[in-house]
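Residue-level structural notes
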Amino acid sequence: MSRPLVEKTTERLLKLILKRNYEVGAKLPNEYELAQDLEVGRSTIREAVRSLATRNILEVRQGSGTYISSKKGVSEDPLGFSLIKDTDRLASDLFELRLLLEPRIAELAAQRITDEEAEALEKIVIEIEEAVKASDPKHLLLDVKFHSMLANYSGNIAMDSLIPVINQSIHLINAKYSNHQMKSDSLQAHRDILNAIKDRNPVAAHDAMLLHTMTVRNSALKNHE
């Protein structure tokens, strides 16, 4: 099979997906229909789908069909963090990035968040509080979700690509340094951030997130000494 044909078909298929405005989780037409739409053979469509699946744009579910991936084309480790051996240095450097990014994210979210999004954010904060109280480890995933939602609610579509920076930092800190005091401080910080955003107060949201990030960083460094 001609590689240039597969590559051209892959790009044409991606353009078709964008043109039809498929949402995350949407099911694509079957191979036969796509082959007709793009005027190529089914084997070429199969290769094109496989190529987009490796790029985390599509997800192939055996016996079910092909769907738009929730990963939105982002790899599991887009910035190569798993190859960095010095995780202490990585955690410290990621905090520097978070101090630049997250206060601004919270500030933008306070300006742009909708009432429905604010309700969803409050629901996650409550779930985190309940999980910590019950010593349920799922609070780690919920914490990541809270910060990811804020990035999304900032209204800046480029932030989605930077979420792995924040997530990796959270995972490293939770794995290495998390303790009861840090969890308690984080719960209060999440409440402060949430309240500032619900009040549509960008300055308070910025400052609450800045304080949260610095407190967690300082606690982590103190525990590491």
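The protein chain is annotated in an unreviewed UniProt entry as FadR family transcriptional regulator of Streptococcus didelphis.

Where helix H2 (residues 31-38) contacts helix H3 (residues 42-54), the axes come no closer than 9 Å and their chain directions differ by 100°. Taken together, H2 and H3 sit at an angle that is classed as roughly perpendicular. Each of Glu31, Tyr32, Leu34, Ala35 and Leu38 in H2 lies in contact with H3, whose residues at this interface are Arg42, Ile45 and Arg46. Grouping the amino acids of the contact of H2 with H3 by side-chain chemistry returns 5 nonpolar, no polar and 3 charged.

Further remarks concern the nonpolar core. Burial of nonpolar side chains together is a common tendency in soluble globular proteins. Core analysis: the largest hydrophobic core is formed by 32 residues, its most contacted members being Ile105, Leu121, Ile128, Phe146, Leu150, Ile193 and Ile197. Those elements that provide at least two residues to this core are helix H4 (87-112), helix H5 (115-133), helix H6 (139-153), helix H7 (159-176), helix H8 (180-198) and helix H9 (202-224). Those residues within four positions of Ile197 in sequence are excluded, and the remaining contacts are Ala106, Ala109, Ala110, Ile113, Leu121, Leu150 and Ala205.

Bringing the side chain of His139 into the picture now. With respect to the helices and strands, His139 occurs in helix H6. Classification of His139 as buried rests on a relative accessible area of 10%.

Moving on to the pattern of salt bridges. Evaluated as defined, the whole model comprises 13 salt bridges. Residue Arg200 is joined to Asp115 by a salt bridge in which the shortest nitrogen-to-oxygen separation is 2.7 Å. One end of the pair, Arg200, is in the loop between H8 and H9; the other, Asp115, is in helix H5, and 85 residues separate them in sequence. Owing to a relative accessible area of 51%, Asp115 belongs among the exposed residues under this scheme. Where Glu122 meets Lys198, a salt bridge forms, and the shortest distance between an N and an O atom there is 3.1 Å. Taken together, the residues Glu122 in helix H5 and Lys198 in helix H8 connect sequence positions 76 residues apart. With relative accessibility at 35%, the residue Lys198 sits in the partly exposed group. Salt bridges sharing partners connect three or more residues here, namely Glu122, Glu129, Arg191 and Lys198.

Conventions adopted
Residues numbered from 1 in each chain as written. Predicted model: local features only at pLDDT ≥ 70, side-chain atom pairs only at ≥ 80, totals over all residues. Heavy atoms only, no water. Axes fitted to C-alpha atoms, helices over the stretch in contact; angles between N-to-C directions. Helix = DSSP H or I, 4+ residues; strand = E, 2+ residues; numbered from the N terminus. Parallel < 35°, antiparallel > 145°, perpendicular 65-115°, else oblique. Contact = heavy atoms within 4.5 Å. Nonpolar A, V, L, I, M, F, W, Y, C, P; charged D, E, K, R; others polar. Core = buried A, V, L, I, M, F, W, Y, C linked by side-chain atoms within 4.5 Å. Buried < 20%, exposed > 50% of the residue type's maximum accessible area, 1.4 Å probe, protein only. Salt bridge = Lys/Arg side-chain N within 4 Å of Asp/Glu carboxyl O.

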